[in-house]
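# Coordinates in review
Take a look at the letters that make up each chain.
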Amino acid sequence: NIKTEETDLNSKIAGNVEQVLVKEGQSVKKGDTLIVISSESIEAKKKQAEAAEAAAQAQYDKALNGARSQEVAQAKAAYDLAEKTYQRIKGLYDQGAVPANTYDQAYAQYTSAKETYDMAVQGARSEDKAAAEAVVAQAKAAEAEVQSYLDDTVIKAPMDGTVTALNVNEGELVSTGMALATLTSNEKPYVEINVKETDLGLVHKGGQVDMTIAAYPGETFKGIIVNVNQKPDFATKRATNNNGDFDVLSYGVRIELEQIDKDIYPGMTVMVNLGRPDGK
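Residues numbered from 1 in each chain as written. Predicted model: local features only at pLDDT ≥ 70, side-chain atom pairs only at ≥ 80, totals over all residues. Heavy atoms only, no water.

All right, on to the overall build of the protein then. What the protein contains, in helices and strands, is four helices and 14 strands. A fraction of 75% describes how many contacts in the protein between residues 6 or more apart in sequence connect residues 24 or more apart. In the form shown here, the protein has an accessible surface area of approximately 17700 Å², with 48% of it arising from carbon and sulfur atoms. (Helix = DSSP H or I, 4+ residues; strand = E, 2+ residues; numbered from the N terminus. Contact = heavy atoms within 4.5 Å. Areas by Shrake-Rupley, 256 points an atom, 1.4 Å probe, with all protein chains shown as cover.)

Here you go:
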């Protein structure tokens, strides 16, 4: 029987079918969009992921570039004022004009203002920069994950072929793993036959054979032998004792049909002539 490569297209995402863009029997090209599943919830998650990435990037940029000039200027003014105040209080303290707690308070304000100013000038520490960069990477990974889910809502043809089965309608609720459609390849159709080991001398990879198709009586088609199964594990024993012969092995042989100008469908019956001298 004639065979073709078939692929079942499944859903990775549960949801309602938003669009069905093909019909059964329609020919499609690799990459064509066949079915679209509703993705409103995933779109919302993507916007959240994008916002999180933008916020993480802003924090990273701030850590990398340091404070703005206005912030540095503000920190410098606060530091200058705290230093002048401290020097004035220190002079009074040395003269015994102010108590120790007043001096301590002025000194604490001075050191705090100095640290703030130094941080504004020097920027974030390397550890802070690395931490901010890690947050950005995490946010990008989360966005990429959401995008992969979004991509899965669009079912595309993995190859050129024909839609031979369509199992859903618009508005229908589908679950994860559900078969949405079946795509049959437009590549060369083929047949697989079992050849007795006593006839393997007639089979050569790349050899040409004559074939007849039951649907087109009186016409002969050409086929090319593309593979002969060499592993005995896959060979099937074939009993022929009822013919007075010994038991032999049969090997799988794959033959591709060449230059077919007729309508060919999977399952059609084919007769293969290996070219035995006795015509059998």
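Take the sheet that holds strand β8 (residues 179-185) next. Spatially, β1-β8-β6-β3 is the arrangement adopted by the four strands of the open sheet, whose pairing is antiparallel. In this open sheet, the two strands that pair with only one neighbour each are β1 (6-10) and β3 (27-28). Sheet topology note: the strand β6 (residues 161-166)/β8 ladder contains five bridges and is antiparallel. Residue pairing across strands places Gly161 opposite Ser185, the latter belonging to β8. (Pairing = 2+ DSSP bridges.)

A few words on a negative patch on the surface. On the surface, Glu18, Glu40, Glu43, Glu50 and Glu170 cluster together into a negatively charged patch. The dominant element in the negative patch, judged by the number of residues it contributes, is helix α1 (residues 40-65), at three residues. Relative to the helices and strands, Glu43 resides in helix α1. When its relative accessible area of 35% is taken as the criterion, Glu43 is described as partly exposed. (Patch = residues over 30% accessible without salt bridge, like charges linked within 9 Å, V, L, I, M, F, W, Y side chains within 5 Å. Salt bridge = Lys/Arg side-chain N within 4 Å of Asp/Glu carboxyl O. Lys, Arg positive; Asp, Glu negative; His and termini not counted. Charge placed at Lys NZ, Arg CZ, Asp CG, Glu CD. Buried < 20%, exposed > 50% of the residue type's maximum accessible area, 1.4 Å probe, protein only.)

It is worth spelling out the sheet that holds strand β4 (residues 33-37) at this point. In spatial order, the strands read β5-β4-β2-β7; together these four strands make up an open sheet with antiparallel pairing. Either end of the sheet is taken by a strand with one partner, and the two such strands are β5 (154-156) and β7 (173-174). The pairing of strand β2 (residues 15-20) with β4 spans three bridges and is antiparallel. Residue Gln19 lies in a different strand from β4, and its bridge partner there is Val36.

Okay, the confidence of the model for the protein next. On average, residues of the protein score 80 in pLDDT, and 84% of them are at 70 or above. In the model of the protein, strand β12 (residues 236-238) stands out as the element of lowest mean pLDDT, 57, in contrast to β4, which has the highest, 91. (pLDDT = per-residue confidence, 0-100.)

Once that is clear, we can look at the pairing of strand β10 (residues 208-213). What you see with β10 is a clean split: Val209, Met211 and Ile213 sit on the buried side and Gln208, Asp210 and Thr212 on the side with no burial. For β10 and strand β11 (residues 221-228), the ladder comprises four bridges, and the chain directions are antiparallel. When the sheet's bridge partners are listed, Met211 is paired in β11 with Phe221. Relative to strand β14 (residues 270-273), β10 runs antiparallel, the two sharing four bridges.

All right, on to the pattern of salt bridges then. What the rule picks out here adds up to four salt bridges. In this structure, the salt-bridge partner of Asp94 is Lys90, at a minimum N-O distance of 3.3 Å. You can see Asp94 and its partner Lys90 sitting in helix α2 (residues 69-94), four residues apart, about one turn around the helix. Judged by its relative accessible area of 28%, Lys90 is partly exposed.

Let us look at the environment of Ile213. In this fold, Ile213 is placed in strand β10. Other than its neighbours up to four places away in sequence, Ile213 contacts Ile2, Phe221, Leu257, Ile264, Met268, Thr269 and Val270.

Considering all chains together, one arrives at seven aromatic pairs under this definition. Here Tyr86 and Tyr107 contribute two aromatic rings whose centre-to-centre distance is 5.5 Å and whose plane-to-plane angle is 55°, an arrangement assigned as tilted. Linking Tyr86 in helix α2 with Tyr107 in helix α3 (residues 100-122), this pair joins segments that are 21 residues apart in sequence. Judged by relative accessible area, which is 39%, Tyr107 ranks as partly exposed. Between Tyr103 and Tyr107, the aromatic rings sit 6.5 Å apart at their centres with planes inclined by 15°, giving stacked as the arrangement. With a gap of four residues between them, Tyr103 and Tyr107 both fall in helix α3, about one helical turn apart. For Tyr103, a relative accessible area of 18% gives the class buried. Over the ring of Tyr190 we find Arg254; its NZ or CZ atom is 3.6 Å from the centre of that ring. (Phe/Tyr/Trp six-rings, centres within 6.5 Å; stacked < 30°, edge-to-face > 60°. Lys NZ or Arg CZ within 6 Å of the ring centre and 35° of its normal.)

Below, the discussion takes up the environment of Gln48. Note that Gln48 resides in helix α1. Along the chain, Gln48 and Val146 lie 98 residues apart, while their C-alpha atoms are 9.8 Å from each other.

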